[in-house]
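# Report on the structure
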Amino acid sequence: MRKLIEGIDASPGIVVGKVFLYKDTELVINKDKALDPKAEEKRLLDGRNASKEQLFEIRKMTAKKLGEDKATIFDGHITLLEDEDLFEEVVELIEEDQISAEYALSQGIEVYCDMLENLDDPYLRERVADLRDIAKRWLYNITGTPIIDLGNLPADTVIVANDLTPSDTAQIDLKNVIAFVTQIGGKTAHSSIMARSLELPAVVGTKTILNDAKDEDTIIVDALTGKVIINPTNDEIVQAVKAKEKFNVEKEELKQLKDKKAISKDGITVGAWANIGGPSDIGGVLRNGADGIGLYRTEFLFMNSDKFPTEEEQFEAYKEVAEKMNGLPVTIRTMDIGGDKALSYMDLPEEENPFLGWRAIRVCLDRPEILKTQYRALLRASGFGYVKIMLPMIISLDEVRKSKEILEECKAELKNEGINFDENIQLGIMVETPSVAFRAKYFAEEVDFFSIGTNDLTQYTLAVDRGNEKIADLYDSFNPGVLAAIQLSIEGAHAAGIPISMCGEFAGDELATPVLFGMGLDAFSMSAISVLGIKRNIIHLDKKECEALVERVMAMATAEEIKAEIRKFNESL
Amino acid sequence: MAFKTVEITNDTGLHTRPGNEFVTVAKTFESKIEVENEAGKKVKGTSLLKLLSLGIKKGTSVTVHAEGSDADTAVEKLTDLLANLRD
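Rules used throughout
For every chain, the first residue of its written sequence is number 1, and the numbers climb from 1 along that sequence. Written order determines the labels here, with chains lettered from A and ligands numbered from 1. Under the rules for a predicted model, residues below a pLDDT of 70 receive no local features and side-chain atom pairs below 80 are neither given nor counted, while totals for whole chains, interfaces and linings still include all residues. Hydrogen atoms and water are omitted, and side-chain values are computed over all heavy atoms in the structure. Two rings from Phe, Tyr or Trp (for Trp, the six-membered ring) form a pair when their centres sit within 6.5 Å of each other. Planes less than 30 degrees apart are called stacked, planes more than 60 degrees apart edge-to-face, and all others tilted. The numbering of helices and of strands both runs from the N terminus, where a helix is a DSSP run of H or I of at least 4 residues and a strand a run of E of at least 2. In our convention, an over-ring charge means Lys NZ or Arg CZ found within 6 Å of a ring centre and within 35 degrees of that ring's normal. Pairing between two strands is assigned when DSSP locates at least 2 bridges connecting them. Note on definitions: angles span 0 to 180 degrees between N-to-C directions of axes, and those axes are lines fitted to C-alpha atoms, for helices only across the stretch in contact. In this analysis, two residues are considered to be in contact whenever any of their non-hydrogen atoms come within 4.5 Å of each other. Buried area, as used here, totals the accessible surface that two parts lose on assembly, with accessibility defined by a 1.4 Å probe and the loss added over both. In what follows, salt bridge is the name for a side-chain nitrogen of Lys or Arg lying within 4 Å of a carboxyl oxygen of Asp or Glu.

## Describing the packing of aromatic side chains
Residue and element names in this part refer to chain A.
- With the rule as written, the count across this model stands at five aromatic pairs over all chains.
- Seen from their ring centres, Phe 308 and Tyr 345 are 4.9 Å apart, and the 80° between their planes marks the pair as edge-to-face. Remark: Tyr 345 occurs in the loop between strand E12 (329-333) and helix H14 (361-366) and Phe 308 occurs in the loop between helix H12 (299-303) and helix H13 (311-324); sequence separation between them is 37 residues.
- The structure contains a cluster of three or more aromatic residues connected by ring pairs, namely Phe 302, Phe 308 and Tyr 345.
- Geometry around Phe 384 places Lys 319 over its ring, the cationic atom sitting 5.0 Å from the centre.

This is how it looks when you write it as structure tokens:
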């Protein structure tokens, strides 16, 4: 029976293959009492030695397949396996309770799994997978339960499992296994990270796949959208194969574009920038050849903390990004808290309409000490790279002027303290409310740049809550009203001679590129993975043709007509 | 008896791989090594399991204690390692 399941796209790609259900042979734990402790201790130790040998083998294989760096994780596994404290505690259980080695070990290990599962840091919490991986191997070896060999599977296999442990992933035979799908797990789980370095397509967190799939079922894994289809129709298979070929060709083409600039056929250069949430995203930014940061969301600094981050903490984070970007522009947005983003340590009142409430710049201007701390950190970081400051949720020039005054105060303070910073640091605003779009020219005369935040601009222009699933189909940035707001903003910016970029989801929407380019957008800022695709689009475009397209679509009545017209335009290229 | 406190600055904190580095180095000293997290929980520095259970993440401070003939060197080396963890 055909079944469509949605999960999380953990590693991109699309394949059609056959299901291999990776279910463990059930482990039988002997719960008898009054066993001979000496014999059980020997089983415990023998199981450990066997596991150690296997882990050494896996380490060797990983070093060969993925390089020495990735293999070092298994050194950690061996250390955990040989942890003296754990061993002593388990031996104690065996002696005191006279129970089997496997029963004692499963109890002993559970204590630590509990501890790790209760940590507040999500990355460290996921390390419990390492521990369970090791414990499982050890228990299997003690009881003589066979461990399934993932290194010897038929061609075109898609592994379907509850979860894959690091050692599972390392053993996968890449000649025959073409993708995996798991029931649990997220994007930062080990198996997901490994899948990306192996370039093995993977969909994780599907919740029900183990109930839905059977061995040998035909399966489509679309790890571009996170969709999995079990027993697809012939039509779906044909489409998937096409999509796969397209993906592979594009992947190769895109790799060539990494070091190229986004220059149109008629020689107009636009910025291909990336959005980030913190210093750890820079690797992806550089790998994808972005030539700047169009949006650094500083909220995470505030959200991943139990108090307001200090000037020093903020400075370190901003400085790291500025330095790593090595002279390329880094646009840092001041705190955008409120709306759907709450802080545990800040008393944000429950509001009827949080998106229309006390958030972002409104909070900052009511509590200027928050903004001042952030400004000082930003100014200090500007001594280490090309930093620009961006204010969110602006609706009036009063807000802009007040924010600028506070910035000038901070500059004066730093000057007095003899601290080095960029005295001409640019201050820009997000265009995400209709009020700014309507009056763009006036705002543009008082700030250094604009960046259109299409997520909120769409929500506020259409009066459509972007979190409400019931009206999700109404939320469409191709709605002519939204496009008009974008066009007004771009015209306003250019009338005053300032640059304008876009940092919402719409910037990374490949269908939108010709229209945005035709309207005169100066830079596109998006998730790092979208950068190469948008670069490629720009390289194939001609400004004059895009301007003519804009004229045509802006005379149209509905989003559907507009999208159809753009598709027609793209096909003619 | 020697001790020193440092702040963890790498993004992913003390997880399996860097933790293994720590334990490997800790085992080279004669001194008894203990590691304490911000909440005051103190564990043996040569047990990777116990170290992981401390949940040492970015932005938190960690104290290394050492007792024995090479306590000073041990504390210096181990805190240096913690302050410069790779992700």
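## Comments concerning the sheet that holds strand E1 (residues 2-7) of chain B
All names here are of chain B.
- Pairing is antiparallel across the open sheet formed by four strands, whose spatial order is E1-E4-E2-E3. Two strands lie at the open edges of the sheet, namely E1 and strand E3 (42-44), each paired on one side alone. Put simply, the sheet's adjacent strands are angled 25° from each other on average, direction ignored.
- Pairing between strand E2 (residues 32-36) and strand E4 (residues 61-67): five bridges, direction antiparallel. Bridging across to E4, Ile 33 finds its partner in Ala 66.

## Quick look at the interface of chain A and chain B
- The interface is formed by 26 residues belonging to chain A together with 22 residues belonging to chain B.
- In total, about 2,100 Å² of surface goes out of reach between chain A and chain B, with carbon and sulfur atoms giving 59% of it.
- Applying the counting rule to chain A against chain B returns four salt bridges.
- Mapped by element, the contributors of at least two residues to the side of chain A that touches chain B are helix H2 (68-81), helix H3 (84-97), helix H4 (101-117), helix H5 (122-125) and helix H6 (128-143) of chain A.

## Some points on the sheet that holds strand E1 (residues 3-6) of chain A
Residue and element names in this part refer to chain A.
- With respect to topology, eight strands assemble into an open sheet ordered E1-E8-E7-E3-E4-E5-E6-E2, the strand pairing being mixed. Sheet topology places E1 and strand E2 (8-11) at the edges, where each strand pairs with a single neighbour. Strand-to-strand twist across the sheet, computed as the mean angle between neighbouring axes with direction ignored, equals 30°.
- Where E1 lies against strand E8 (residues 227-230), four bridges are found, and the strand directions are antiparallel. The residue of E8 that forms the bridge with Leu 4 is Ile 229.
- On the sheet, helix H10 (residues 234-257) packs against strand E3 (14-22), strand E7 (218-222) and E8 and is oriented at approximately 110° with respect to E3.

## A word on the environment of Gly 151 of chain A
- When you line up the elements, Gly 151 of chain A lands in the loop between H6 and strand E4 (157-161).
- As a C-alpha pair, Gly 151 of chain A and Gln 171 of chain A span 20 residues in sequence and 5.5 Å in three-dimensional space.

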